Amino acid sequence: MANLLTLKDWSSTDIQQVLQLAAQMKADYSAFDQTLKGKSIATLFEKPSLRTRVSFDVGINKLGGHSVYLDQQNGALGKREEVKDFAQNLSRWCDAIVARVFDHNTLIELAKHATVPVVNSLCDLYHPCQALADMLTLQEQFGELKGKTLAYVGDGNNVTHSLMFASAKLGMNMVVVCPEGHFPDGKMVLEAKAIAEQQGATLTLSSELAALEGAHAIYTDTWISMGDGTSLDEIKAKFAPYQVNSAMMQNSGAQFFLHCQPAYRGVEVSAEVMDASNSLAMEQAENRMHAQNAVLKILVK
Ligand code: CP
Ligand code: NVA
């Protein structure tokens, strides 16, 4: 693979390879500490970040490489100079570009003009690095993902899209429960459903909480993503029944809770659930680094 823009482009085997490599790295970095020796990787951000920024920086260091952090640059790329020029200039010094952008098209433009791999570290449509870390986290708990069901509850967003593709490609069932009008993108749902079917898995959408029954894990994310101008007051009443709390966990019978973070306790998740011993949120955060390191080892030549 040349880039990681969306997991839709990566095969089941590619994704399995990432998970296997990530697990190997997590167990022992000593065989990988020269992987990025002499390599420099630009990480650029149009939006805020804690986990992505730190996990890439520390991870690249663990692989013996050097990371160059470019902050929000006062807003979107392409204002001071064209995205094309960003891509071409960075390619002259760096061995990969990791980018968090508002618009997926910026990533497409970067990848078109860069001569080094481009990794999507979140855009309006996808968050593939997150979904890889989440699949690694679930695999650590369940061993085999096939036959297990991941439920996503809340706002159908970038994280949902990447989880749909990752679980479909790995043959994991997925149930997506959202309030009416907040479902994931319809075209992506159809694409992910077709992949799930090929892998002998299912992808089900519903607005009914009853659809959560039998899920092995429940995942949620913020109700308002970065770049979405909706005010919480506007949607609070509509989303309130979809808060992941102890009653929801109990009624569904789910063993684990997942959240990509940042988490808003008392909004999309109760503090009790977020901080419970079966919450995998911090495992997911740690696994971001291992999954991304596996991606960099595969992509950076
Ligand atoms: N989950 C995640 O991407 O966190 P940050 O926004 O802090 O990077
Ligand atoms: N859906 C969230 C994820 C944050 C990591 C957002 O895009 O803001």
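Scoring rules and cut-offs
Numbers given to residues run from 1 along each chain, matching the order in which its sequence is written. The order in which chains are written sets their letters, starting at A; the order in which ligands are written sets their numbers, starting at 1. Per-residue local features are limited, in this predicted model, to residues with pLDDT of at least 70; the limit for side-chain atom pairs, both in listing and counting, is 80 or more; totals at the level of whole chains, interfaces and linings are taken over all residues. Helix numbering and strand numbering both begin at the N terminus, where a helix is a DSSP run of H or I of at least 4 residues and a strand a DSSP run of E of at least 2. Computation of the radius of gyration draws on C-alpha atoms, with the globule rule given as 2.2 Å multiplied by the number of residues to the power 0.38. Whether a residue is buried, exposed or partly exposed follows from its count of other C-beta atoms within 10 Å of its own C-beta, namely 20 or more, 12 or fewer, or something in between, respectively; the C-beta atoms are built from the backbone. Only when DSSP finds a minimum of two bridges between them are two strands counted as paired. Angular values range over 0 to 180 degrees, each being the angle between N-to-C directions of two axes fitted as lines to C-alpha atoms, with helices fitted over their stretch in contact. Source of the domain bounds: an automatic or database domain assignment. What counts as a contact is two residues whose backbone-derived C-beta atoms lie within 7 Å of each other.

A.B. asks: Just to check I follow, could you spell out the overall build of the protein for this structure?
C.D. replies: Within the protein one finds eleven helices and nine strands. The globule rule puts the C-alpha radius of gyration for 301 residues at 19 Å, and the 19 Å found for the protein is close to it. Across its three principal directions, the C-alpha atoms of the protein cover 55 × 40 × 35 Å. Going through the 301 residues of the protein one by one, you find that 48% of them count as buried.

A.B. asks: Looking at this structure, I do not really get the sheet that holds strand β4 (residues 118–120). What am I missing?
C.D. replies: Here four strands make up an open sheet; going across it, the order is β2-β1-β3-β4 and the pairing parallel. Looking at the sheet topology across the chains shown, the edges are occupied by β2 (66–70) and β4. The sheet shows a mean angle of 20° between the axes of neighbouring strands, taken without regard to direction. Of the strand pairs in this sheet, strand β1 (residues 40–45) and strand β3 (residues 96–100) are connected by five bridges, and their pairing is parallel.

A.B. asks: Can you help me understand the domain arrangement of the protein in this one?
C.D. replies: Interface size, as often reported, equals the accessible area lost upon joining of the parts. For the protein, the assigned domains are domain 1 (3–127 + 288–299) and domain 2 (130–284). For domain 1 versus domain 2, the distance between C-alpha centres works out to 24 Å. Every contact between the two is made by 23 residues of domain 1 and, on the other side, 21 residues of domain 2. Of all the secondary structure elements, the ones that give two or more residues to the side of domain 1 that touches domain 2 are α1 (12–27) and α11 (281–299). The biggest single contributor to the side of domain 1 that touches domain 2 is α1, with six residues.

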